[in-house]
Every structure is written in C-alpha cells, then in structure tokens.
Amino acid sequence: MRVFNTVQLIGLWLLVPAVAFSQRRLVTDAEANASGASQLTFSSADCSRAASLAAADIANHLPFLILQSGFAPQSFAADTVFENSYGVFYREEGCTGSVKECVVLYNQQVFHYLTEKYGRQWLRTVRKDVVGLREWKKAQR
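These numbers come from a predicted model, not from an experiment.

### Focus: the packing of helix α4 (residues 50-59) against helix α6 (residues 100-118)
- Packing of α4 against α6 brings their axes to within 8 Å, and their N-to-C directions diverge by 40°. When the axis of α4 is compared with that of α6, the two are oblique. Crossing of α4 against α6: the hand is right-handed. Contact residues: A50, A51, L53, A54, A55, D57 and I58 in α4; C102, L105, Y106, Q109, V110 and Y113 in α6.
- Of the residues belonging to the contact of α4 with α6, the class tally is eleven nonpolar, one polar and one charged.

### Section: the packing of α6 against helix α7 (residues 133-140)
- Running from N to C, α6 and α7 point in directions that differ by 55°, and their axes come no closer than 9 Å. When the axes of α6 and α7 are compared, the pair comes out oblique. Between α6 and α7 the crossing geometry is right-handed. Judged by residue contacts, K100, Q108, F111, H112 and T115 of α6 engage L133, E135, W136 and Q140 from α7.
- The class makeup of the residues in the contact of α6 with α7 is three nonpolar, four polar and two charged.

### Quick notes on the packing of aromatic side chains
- Evaluated as defined, the whole model comprises seven aromatic pairs.
- Taken together, a centroid distance of 4.9 Å and an interplanar angle of 45° make the contact between F82 and Y86 tilted. Linking F82 with Y86, this pair stays in helix α5 (residues 77-86), spanning four residues, or about one helical turn.
- Residue class for F82 comes out buried when judged on its relative accessible area of 2%.
- Y86 sits in the buried class, given a relative accessible area of 7%.
- A ring pair is formed by F82 and Y90, whose centres lie 5.4 Å apart and whose planes are at 25°; its orientation type is stacked. For the pair formed by F82 and Y90, the shared burial category is buried.
- An aromatic cluster is defined as three or more aromatic residues linked by ring pairs; in this entry it consists of F82, Y86, Y90 and Y118.
- Positioned above the aromatic ring of F64 is the side chain of R91, whose terminal nitrogen or guanidinium carbon lies 6.0 Å from the ring centre.

Each value, and the rule that gives it
Residues numbered from 1 in each chain as written. Predicted model: local features only at pLDDT ≥ 70, side-chain atom pairs only at ≥ 80, totals over all residues. Heavy atoms only, no water. Axes fitted to C-alpha atoms, helices over the stretch in contact; angles between N-to-C directions. Helix = DSSP H or I, 4+ residues; strand = E, 2+ residues; numbered from the N terminus. Parallel < 35°, antiparallel > 145°, perpendicular 65-115°, else oblique. Left-handed = near helix turned anticlockwise from the far one by under 90°. Contact = heavy atoms within 4.5 Å. Nonpolar A, V, L, I, M, F, W, Y, C, P; charged D, E, K, R; others polar. Phe/Tyr/Trp six-rings, centres within 6.5 Å; stacked < 30°, edge-to-face > 60°. Buried < 20%, exposed > 50% of the residue type's maximum accessible area, 1.4 Å probe, protein only. Lys NZ or Arg CZ within 6 Å of the ring centre and 35° of its normal.

See the structure below:
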C-alpha cells in the first residue's frame, strides 16, 4: 500500500475537478473568434445576419448559446455537462455584449436546432439566463 504525503493528496484533490468536469471538446480561440456568435456586433442594430450566422455555426458543429450575465459573469460545473450532452457551447459576453435583439435571433436559431435534434429534453438543464430563452419558451406554448 502506498502512502501519499500531504502535497500529493492536495495535488490529486486539485486535479479531480479538472478531470471530472473537463469538456470532451474545447473551443480554440481561433474557432471562437471565427464563429458567428463573435461576429454579432455590439454597436449595430442590424440583426439581419444573426440567424444565418447561427445556422453556419450549427453546420460547423460549433453553436453557442450567448449569455450576458453582467459585470461578474458566472460559470457552473453543470455548464460543461450541458455542453457535452448537447454539443453547444455557452458564450459569456459580460456586460458589454452585442445588441440584445441580435443575440435573441442568434439564440433562437440554436433553440430550434436543439429542439429538432433533442426534443424538449434540453430545456430541463439549459441555463435559465440564456438571452431570449424565456421569451422563446412563451412563444412555443
């Protein structure tokens, strides 16, 4: 039987969350910067391309759900579980994100994709603060 010293145990303890909650696929900076979600602008109210940008991201297997949590963005362990289960990545834009109407159109396209592919099951675990989710759910009733 091997005896671990305190430093080894602390090192193992710090490694467990990284292993247990790591994503199967990480988005590279280049992929994130080239995505349609990053092409939504925060200064323009022209949202005519938002749905097509989302469709292109879906076709490239790189769809995002955009969040605008404000000054102190939050991330949860369940985010990674959702991302791995449904192949969608959360994108936090903080308090200086794109025009809300554009983000809503982008996210709605991703909502439709998720519903077509997984039914309504994804709604049980998606973050409730995804921009436009509440309004989209009301419109689906």
